[in-house]
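The primary structure of each chain is shown beneath.
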Amino acid sequence: MSLWAAILLGALAAYLTKLSGYAVPARWLANPRTTRVAAAVTVALLSALTVMNTFAAGAGLAVDARLASLAAAALALWLRLPFLLVVLLGAGAAALLRAWGV
Amino acid sequence: MPAFPAVLRPATWTPAVRMGLSIAAATGLYGVSFGALAVAAGLSVGQSMALSLLMFTGGSQFAFIGVVAGGGVPSAALGAATLLGVRNAVYGMQINHMLRPRGWRRWLAAQVTIDESTATAAAQEESAEQRRGFWAAGLGIFVLWNLFTLLGAVLGDALGDPRRWGLDGAAVAAFLGLLWPRLAAREPVALAVLSGAVTALALPMLPPGLPILVAAALGAAWGWAVRAPTAPAGAEEGAP
(Lines give C-alpha, C1' and ligand atoms only; values in the text may rest on other atoms or scores of the structure.)
Protein backbone atom coordinates (compact mmCIF):
# COMPACT_ATOMS: atom_id res chain seq x y z
CA MET A 1 0.00 0.00 0.00
CA SER A 2 1.34 3.44 -0.90
CA LEU A 3 1.53 6.24 1.65
CA TRP A 4 -1.09 8.25 -0.24
CA ALA A 5 -3.49 5.29 -0.32
CA ALA A 6 -3.08 4.81 3.43
CA ILE A 7 -3.71 8.53 4.06
CA LEU A 8 -6.88 8.62 1.96
CA LEU A 9 -8.23 5.31 3.26
CA GLY A 10 -7.39 6.39 6.81
CA ALA A 11 -9.24 9.69 6.27
CA LEU A 12 -12.27 7.83 4.91
CA ALA A 13 -12.23 5.40 7.84
CA ALA A 14 -11.94 8.30 10.30
CA TYR A 15 -14.92 10.09 8.76
CA LEU A 16 -17.07 6.96 8.62
CA THR A 17 -16.20 6.23 12.26
CA LYS A 18 -17.35 9.72 13.29
CA LEU A 19 -20.48 9.43 11.14
CA SER A 20 -21.35 6.01 12.57
CA GLY A 21 -22.03 7.67 15.93
CA TYR A 22 -24.77 9.72 14.24
CA ALA A 23 -26.13 6.81 12.23
CA VAL A 24 -26.34 3.74 14.42
CA PRO A 25 -29.10 3.32 17.00
CA ALA A 26 -28.07 5.09 20.21
CA ARG A 27 -28.42 1.93 22.28
CA TRP A 28 -25.50 0.24 20.45
CA LEU A 29 -23.06 2.87 21.54
CA ALA A 30 -24.82 3.82 24.78
CA ASN A 31 -23.71 0.42 26.08
CA PRO A 32 -21.21 1.27 28.84
CA ARG A 33 -18.99 -1.56 27.65
CA THR A 34 -18.59 0.04 24.21
CA THR A 35 -17.60 3.32 25.85
CA ARG A 36 -15.09 1.52 28.07
CA VAL A 37 -13.53 -0.39 25.16
CA ALA A 38 -13.15 2.84 23.15
CA ALA A 39 -11.55 4.64 26.12
CA ALA A 40 -9.24 1.71 26.93
CA VAL A 41 -8.10 1.32 23.30
CA THR A 42 -7.25 5.04 23.28
CA VAL A 43 -5.17 4.83 26.48
CA ALA A 44 -3.38 1.64 25.36
CA LEU A 45 -2.54 3.08 21.93
CA LEU A 46 -1.28 6.42 23.24
CA SER A 47 0.90 4.65 25.79
CA ALA A 48 2.27 2.30 23.12
CA LEU A 49 3.00 5.23 20.81
CA THR A 50 4.80 7.06 23.61
CA VAL A 51 6.99 4.02 24.35
CA MET A 52 7.66 3.33 20.68
CA ASN A 53 8.69 6.90 19.94
CA THR A 54 10.93 6.98 23.03
CA PHE A 55 12.77 3.66 22.69
CA ALA A 56 12.38 2.22 19.17
CA ALA A 57 15.60 2.18 17.17
CA GLY A 58 15.49 0.21 13.93
CA ALA A 59 14.48 -3.33 14.85
CA GLY A 60 15.48 -2.96 18.51
CA LEU A 61 15.39 -0.69 21.52
CA ALA A 62 17.75 2.14 22.50
CA VAL A 63 18.06 4.55 25.40
CA ASP A 64 19.12 7.92 24.03
CA ALA A 65 18.35 11.66 24.14
CA ARG A 66 14.65 10.92 23.65
CA LEU A 67 14.43 9.70 27.25
CA ALA A 68 15.26 13.27 28.35
CA SER A 69 12.36 14.44 26.17
CA LEU A 70 10.04 12.05 27.98
CA ALA A 71 11.23 13.29 31.39
CA ALA A 72 10.98 16.97 30.38
CA ALA A 73 7.47 16.43 28.98
CA ALA A 74 6.33 14.59 32.12
CA LEU A 75 7.63 17.43 34.30
CA ALA A 76 5.96 20.05 32.08
CA LEU A 77 2.64 18.17 32.15
CA TRP A 78 2.87 17.75 35.91
CA LEU A 79 3.34 21.55 36.13
CA ARG A 80 0.20 21.89 33.94
CA LEU A 81 2.02 23.79 31.20
CA PRO A 82 0.16 24.18 27.87
CA PHE A 83 0.49 21.42 25.27
CA LEU A 84 2.59 23.45 22.83
CA LEU A 85 5.11 24.27 25.56
CA VAL A 86 5.25 20.59 26.54
CA VAL A 87 6.14 19.69 22.95
CA LEU A 88 8.74 22.46 22.68
CA LEU A 89 10.39 21.43 25.96
CA GLY A 90 10.45 17.82 24.72
CA ALA A 91 12.22 18.91 21.54
CA GLY A 92 14.57 21.22 23.45
CA ALA A 93 15.66 18.47 25.86
CA ALA A 94 16.67 16.11 23.04
CA ALA A 95 18.30 18.88 20.99
CA LEU A 96 20.32 20.08 23.99
CA LEU A 97 21.60 16.59 24.85
CA ARG A 98 22.57 15.98 21.22
CA ALA A 99 24.39 19.31 21.07
CA TRP A 100 26.41 18.10 24.07
CA GLY A 101 27.14 14.91 22.17
CA VAL A 102 24.94 12.43 24.09
CA MET B 1 -26.82 28.72 12.80
CA PRO B 2 -26.68 31.62 15.27
CA ALA B 3 -23.10 30.83 16.32
CA PHE B 4 -21.55 32.17 13.10
CA PRO B 5 -22.60 35.84 13.07
CA ALA B 6 -21.91 35.97 16.81
CA VAL B 7 -18.33 34.82 16.27
CA LEU B 8 -17.60 38.03 14.34
CA ARG B 9 -18.76 40.27 17.21
CA PRO B 10 -16.91 39.52 20.46
CA ALA B 11 -19.39 41.61 22.47
CA THR B 12 -22.08 39.04 21.70
CA TRP B 13 -20.01 35.95 22.58
CA THR B 14 -21.77 33.69 25.00
CA PRO B 15 -19.71 31.69 27.54
CA ALA B 16 -19.89 28.60 25.29
CA VAL B 17 -18.55 30.51 22.27
CA ARG B 18 -15.76 31.97 24.40
CA MET B 19 -14.84 28.54 25.74
CA GLY B 20 -14.99 27.00 22.26
CA LEU B 21 -12.76 29.66 20.73
CA SER B 22 -10.15 29.54 23.50
CA ILE B 23 -9.96 25.77 23.13
CA ALA B 24 -9.71 26.28 19.35
CA ALA B 25 -6.77 28.68 19.79
CA ALA B 26 -4.90 26.36 22.16
CA THR B 27 -5.53 23.23 20.08
CA GLY B 28 -5.00 24.90 16.72
CA LEU B 29 -1.56 26.13 17.77
CA TYR B 30 -0.18 22.67 18.28
CA GLY B 31 -0.99 21.96 14.66
CA VAL B 32 2.51 23.47 14.23
CA SER B 33 4.02 20.49 16.00
CA PHE B 34 1.93 18.07 13.93
CA GLY B 35 2.99 19.66 10.64
CA ALA B 36 6.67 19.71 11.61
CA LEU B 37 6.59 16.10 12.86
CA ALA B 38 4.74 14.90 9.76
CA VAL B 39 7.42 16.14 7.38
CA ALA B 40 10.11 14.88 9.79
CA ALA B 41 8.47 11.43 9.52
CA GLY B 42 8.90 11.60 5.74
CA LEU B 43 5.52 12.92 4.56
CA SER B 44 5.31 15.71 1.97
CA VAL B 45 3.65 19.02 2.83
CA GLY B 46 0.65 17.91 0.73
CA GLN B 47 0.36 14.60 2.59
CA SER B 48 0.55 16.38 5.96
CA MET B 49 -2.23 18.73 4.86
CA ALA B 50 -4.35 15.84 3.58
CA LEU B 51 -4.23 14.30 7.06
CA SER B 52 -5.24 17.55 8.78
CA LEU B 53 -8.00 18.44 6.29
CA LEU B 54 -9.49 15.00 5.72
CA MET B 55 -8.64 12.78 8.70
CA PHE B 56 -8.93 15.70 11.17
CA THR B 57 -8.58 13.92 14.47
CA GLY B 58 -5.31 14.78 16.20
CA GLY B 59 -4.63 11.50 18.00
CA SER B 60 -5.08 9.45 14.82
CA GLN B 61 -2.94 11.84 12.81
CA PHE B 62 -0.11 11.67 15.35
CA ALA B 63 -0.48 7.86 15.41
CA PHE B 64 -0.25 7.69 11.63
CA ILE B 65 2.99 9.67 11.43
CA GLY B 66 4.32 8.00 14.58
CA VAL B 67 4.11 4.57 12.94
CA VAL B 68 5.62 5.88 9.69
CA ALA B 69 8.47 7.54 11.62
CA GLY B 70 9.10 4.22 13.42
CA GLY B 71 9.58 2.47 10.07
CA GLY B 72 6.10 0.88 9.95
CA VAL B 73 4.44 0.09 6.62
CA PRO B 74 1.60 2.42 5.51
CA SER B 75 -1.06 -0.23 6.24
CA ALA B 76 0.10 -0.43 9.88
CA ALA B 77 -0.13 3.38 10.11
CA LEU B 78 -3.66 3.16 8.68
CA GLY B 79 -4.60 0.51 11.24
CA ALA B 80 -3.26 2.43 14.24
CA ALA B 81 -4.90 5.70 13.10
CA THR B 82 -8.27 4.01 12.54
CA LEU B 83 -8.26 2.26 15.93
CA LEU B 84 -7.34 5.49 17.71
CA GLY B 85 -10.34 7.15 16.03
CA VAL B 86 -12.87 4.64 17.40
CA ARG B 87 -13.67 6.90 20.36
CA ASN B 88 -15.03 9.49 17.90
CA ALA B 89 -17.98 7.16 17.23
CA VAL B 90 -18.91 7.45 20.90
CA TYR B 91 -18.57 11.24 20.67
CA GLY B 92 -20.77 11.23 17.55
CA MET B 93 -23.47 9.47 19.50
CA GLN B 94 -23.25 12.04 22.32
CA ILE B 95 -23.35 15.02 19.93
CA ASN B 96 -26.23 13.50 17.99
CA HIS B 97 -28.12 13.16 21.26
CA MET B 98 -27.34 16.77 22.32
CA LEU B 99 -27.66 18.66 19.02
CA ARG B 100 -29.78 16.46 16.75
CA PRO B 101 -28.21 18.05 13.62
CA ARG B 102 -30.23 17.58 10.43
CA GLY B 103 -29.41 17.64 6.71
CA TRP B 104 -26.01 18.95 5.61
CA ARG B 105 -25.22 20.08 9.16
CA ARG B 106 -25.10 16.46 10.21
CA TRP B 107 -22.40 15.66 7.61
CA LEU B 108 -20.40 18.70 8.67
CA ALA B 109 -20.89 17.99 12.37
CA ALA B 110 -19.49 14.47 11.87
CA GLN B 111 -16.21 15.82 10.46
CA VAL B 112 -15.64 18.18 13.44
CA THR B 113 -16.67 15.60 16.06
CA ILE B 114 -13.43 15.29 18.06
CA ASP B 115 -12.26 15.31 21.70
CA GLU B 116 -12.32 19.08 22.12
CA SER B 117 -15.63 19.94 20.39
CA THR B 118 -17.43 17.16 22.27
CA ALA B 119 -15.92 18.25 25.59
CA THR B 120 -16.93 21.89 24.96
CA ALA B 121 -20.52 20.90 24.16
CA ALA B 122 -20.72 18.51 27.11
CA ALA B 123 -19.53 21.26 29.48
CA GLN B 124 -22.65 23.39 28.75
CA GLU B 125 -25.96 23.11 30.57
CA GLU B 126 -28.41 24.56 28.05
CA SER B 127 -29.13 23.02 24.68
CA ALA B 128 -28.50 26.27 22.70
CA GLU B 129 -25.16 26.74 24.47
CA GLN B 130 -24.18 23.13 23.74
CA ARG B 131 -24.79 23.81 20.06
CA ARG B 132 -22.82 27.07 20.08
CA GLY B 133 -19.95 25.51 22.02
CA PHE B 134 -19.72 22.52 19.69
CA TRP B 135 -19.63 24.60 16.51
CA ALA B 136 -17.31 27.29 17.88
CA ALA B 137 -14.78 24.69 19.03
CA GLY B 138 -15.20 22.31 16.08
CA LEU B 139 -15.04 24.85 13.26
CA GLY B 140 -12.51 27.05 15.08
CA ILE B 141 -10.15 24.11 15.55
CA PHE B 142 -10.65 22.97 11.96
CA VAL B 143 -9.56 26.35 10.57
CA LEU B 144 -6.64 26.93 12.98
CA TRP B 145 -5.43 23.31 13.00
CA ASN B 146 -5.10 23.35 9.22
CA LEU B 147 -3.43 26.78 9.07
CA PHE B 148 -0.89 25.79 11.71
CA THR B 149 -0.30 22.35 10.16
CA LEU B 150 0.68 24.13 6.96
CA LEU B 151 2.98 26.50 8.86
CA GLY B 152 4.60 23.61 10.75
CA ALA B 153 5.04 21.49 7.60
CA VAL B 154 6.67 24.33 5.68
CA LEU B 155 8.91 25.22 8.65
CA GLY B 156 9.77 21.55 9.25
CA ASP B 157 10.72 21.19 5.60
CA ALA B 158 13.12 24.13 5.94
CA LEU B 159 14.69 22.87 9.20
CA GLY B 160 16.57 19.96 7.64
CA ASP B 161 17.70 17.10 9.92
CA PRO B 162 14.78 16.68 12.34
CA ARG B 163 16.92 14.94 14.98
CA ARG B 164 19.23 17.92 15.35
CA TRP B 165 16.25 20.04 16.44
CA GLY B 166 14.97 17.29 18.73
CA LEU B 167 11.81 16.76 16.66
CA ASP B 168 11.85 13.04 17.51
CA GLY B 169 11.79 14.14 21.16
CA ALA B 170 8.89 16.47 20.32
CA ALA B 171 6.93 13.43 19.13
CA VAL B 172 7.58 11.67 22.45
CA ALA B 173 6.33 14.75 24.31
CA ALA B 174 3.27 15.06 22.05
CA PHE B 175 2.17 11.47 22.69
CA LEU B 176 2.69 11.80 26.43
CA GLY B 177 0.72 15.07 26.29
CA LEU B 178 -2.19 13.33 24.54
CA LEU B 179 -2.09 10.46 27.05
CA TRP B 180 -1.70 12.56 30.23
CA PRO B 181 -5.28 13.92 30.61
CA ARG B 182 -6.60 10.34 30.38
CA LEU B 183 -4.58 9.18 33.40
CA ALA B 184 -6.78 10.77 36.05
CA ALA B 185 -7.72 7.45 37.71
CA ARG B 186 -5.74 4.41 38.87
CA GLU B 187 -7.23 2.01 36.31
CA PRO B 188 -6.10 3.84 33.13
CA VAL B 189 -2.64 4.29 34.70
CA ALA B 190 -2.40 0.52 35.19
CA LEU B 191 -3.48 -0.06 31.59
CA ALA B 192 -1.00 2.54 30.28
CA VAL B 193 1.89 0.90 32.18
CA LEU B 194 0.91 -2.58 30.99
CA SER B 195 0.47 -1.43 27.40
CA GLY B 196 3.82 0.39 27.46
CA ALA B 197 5.60 -2.69 28.82
CA VAL B 198 4.01 -5.00 26.24
CA THR B 199 5.00 -2.57 23.47
CA ALA B 200 8.63 -2.47 24.69
CA LEU B 201 8.71 -6.29 24.73
CA ALA B 202 7.08 -6.58 21.30
CA LEU B 203 9.22 -3.93 19.56
CA PRO B 204 12.30 -6.12 18.99
CA MET B 205 10.18 -9.18 18.12
CA LEU B 206 7.54 -7.95 15.66
CA PRO B 207 7.71 -5.98 12.39
CA PRO B 208 7.41 -2.17 12.83
CA GLY B 209 3.84 -0.99 13.39
CA LEU B 210 2.55 -4.31 14.70
CA PRO B 211 3.41 -3.70 18.39
CA ILE B 212 1.01 -0.73 18.26
CA LEU B 213 -1.79 -2.99 17.03
CA VAL B 214 -0.98 -5.55 19.74
CA ALA B 215 -1.37 -2.74 22.28
CA ALA B 216 -4.72 -1.77 20.73
CA ALA B 217 -5.95 -5.38 21.06
CA LEU B 218 -4.77 -5.41 24.67
CA GLY B 219 -6.71 -2.18 25.30
CA ALA B 220 -9.87 -3.61 23.74
CA ALA B 221 -9.62 -6.77 25.86
CA TRP B 222 -9.00 -4.65 28.97
CA GLY B 223 -12.02 -2.40 28.26
CA TRP B 224 -14.15 -5.48 27.66
CA ALA B 225 -13.08 -7.34 30.80
CA VAL B 226 -12.47 -4.66 33.44
CA ARG B 227 -15.53 -3.23 35.10
CA ALA B 228 -15.45 0.54 35.56
CA PRO B 229 -15.53 1.32 39.29
CA THR B 230 -18.32 3.89 38.78
CA ALA B 231 -20.65 1.49 36.95
CA PRO B 232 -23.37 0.08 39.17
CA ALA B 233 -23.17 -3.70 39.56
CA GLY B 234 -24.80 -5.57 36.71
CA ALA B 235 -25.61 -2.37 34.83
CA GLU B 236 -24.20 -3.47 31.50
CA GLU B 237 -25.65 -6.96 31.50
CA GLY B 238 -29.14 -6.02 32.63
CA ALA B 239 -29.56 -2.97 30.38
CA PRO B 240 -32.62 -3.21 28.11
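1. Examining the overall build of chain B
Here's step 1: Along chain B, the regular secondary structure elements total 14 helices and 0 strands.
Here's step 2: Its helices and strands in sequence order give chain B the pattern α-α-α-α-α-α-α-α-α-α-α-α-α-α, from N to C terminus.
Here's step 3: Scaling as 2.2 N^0.38, a compact globule of 240 residues should have a C-alpha radius of gyration of about 18 Å, and chain B matches this with 19 Å.
Here's step 4: Taken along its principal axes, the extent of the C-alpha atoms in chain B is 55 × 55 × 30 Å.
Here's step 5: Considering chain B as a whole, with its 240 residues, one finds that 53% of them fall into the buried category.
Here's step 6: Put simply, of all contacts in chain B between residues at least 6 apart along the chain, 70% involve residues at least 24 apart.

2. Quick notes on the domain arrangement of chain B
All names here are of chain B.
Here's step 1: Its domain assignment divides chain B into domain 1 (3–182) and domain 2 (186–226).
Here's step 2: Its C-alpha centre places domain 1 at a distance of 24 Å from the equivalent point of domain 2.
Here's step 3: Contacts between the two partners involve 12 residues from domain 1 and, on the opposite side, 8 residues from domain 2.
Here's step 4: If one sorts the elements of the side of domain 1 that touches domain 2 by residue count, helix α6 (residues 74–84) sits on top with 5 residues.
Here's step 5: Of the residues that constitute the side of domain 1 that touches domain 2, the class distribution is 7 nonpolar, 4 polar and 1 charged.

3. Focus on the interface of chain B and chain A
Here's step 1: On the side of chain A, 71 residues touch chain B, which itself brings 83 residues to the contact.
Here's step 2: Considering each element in turn, the side of chain B that touches chain A owes the most residues, 13 residues, to helix α11 (residues 167–179) of chain B.

4. So, the nonpolar core
Most often, soluble globular proteins keep nonpolar side chains buried together rather than apart.
Here's step 1: Grouped together as the largest cluster of nonpolar side chains are 111 residues, with contacts concentrated most on Ala 44, Leu 45 and Ala 73 of chain A together with Leu 37, Ala 80 and Phe 175 of chain B.
Here's step 2: Top element by residues in this core is helix α3 (residues 32–55) of chain A. It accounts for 14 residues.
Here's step 3: Once residues lying within four places of it in the same chain are set aside, the contact partners of Ala 73 of chain A are Val 86, Leu 89 and Gly 90 of chain A together with Val 172, Ala 173, Leu 176 and Gly 177 of chain B.

5. Considerations on the packing of α6 of chain B against helix α13 (residues 210–225) of chain B
Residues and elements named next belong to chain B.
Here's step 1: The N-to-C vectors of α6 and α13 enclose an angle of 25 degrees; their axes lie 9 Å apart at closest approach. By the angle class used here, α6 and α13 are roughly parallel. Handedness of the crossing formed by α6 with α13: left-handed. Here Ala 76, Gly 79, Ala 80 and Leu 83 of α6 come into contact with α13, specifically with Leu 210, Ile 212, Leu 213 and Ala 216.
Here's step 2: Looking at the contact of α6 with α13 residue by residue, the classes come out as 7 nonpolar, 1 polar and no charged.

6. Quick notes on the environment of Arg 98 of chain A
Here's step 1: Structurally, Arg 98 of chain A can be placed in helix α5 (residues 83–99).
Here's step 2: Here the alpha-carbon distance between Arg 98 of chain A and Arg 66 of chain A, two residues 32 residues apart in the chain, equals 9.7 Å.
Here's step 3: Excluding anything up to four places from it in sequence, Arg 98 of chain A contacts Ala 65 of chain A together with Arg 163, Arg 164 and Gly 166 of chain B.

Analysis parameters
Just so you know, the residues in each chain are numbered from 1, in the order the chain's sequence is written. In the order they appear in the text, chains get letters beginning with A and ligands get numbers beginning with 1. Residues qualify for local features only when their pLDDT is at least 70, as the model is predicted, and side-chain atom pairs are given and counted only at 80 or more; totals for whole chains, interfaces and linings, by contrast, use all residues. Strands are runs of DSSP state E lasting at least two residues, helices are runs of H or I lasting at least four, and both sets are numbered from the N terminus onward. With the radius of gyration taken over C-alpha atoms, the globule rule is written as 2.2 Å times the number of residues to the power 0.38. The burial label depends on the number of other C-beta atoms within 10 Å of a residue's C-beta. Counts of 20 or more mean buried, 12 or fewer mean exposed, and intermediate counts mean partly exposed, with C-beta atoms placed from the backbone. Contact between two residues is assigned whenever their backbone-derived C-beta positions fall within 7 Å. Where a domain begins and ends is set by an automatic assignment or by a domain database. For this scheme, ten residues count as nonpolar: Ala, Val, Leu, Ile, Met, Phe, Trp, Tyr, Cys and Pro. Four count as charged, namely Asp, Glu, Lys and Arg, and the remainder, Gly too, count as polar. Remark: nonpolar core denotes a set of buried Ala, Val, Leu, Ile, Met, Phe, Trp, Tyr and Cys residues whose joining runs through C-beta atoms within 7 Å. Whenever a helix is involved, its axis is fitted only over the stretch in contact; in every case the axis is a line through C-alpha atoms, and angles between N-to-C directions fall within 0 to 180 degrees. When describing relative orientation, an angle under 35 degrees is termed roughly parallel and one over 145 degrees roughly antiparallel, while 65 to 115 degrees is termed roughly perpendicular and anything else oblique. In a left-handed crossing the near helix is turned counterclockwise from the far helix by less than a right angle, and in a right-handed crossing that turn is clockwise.

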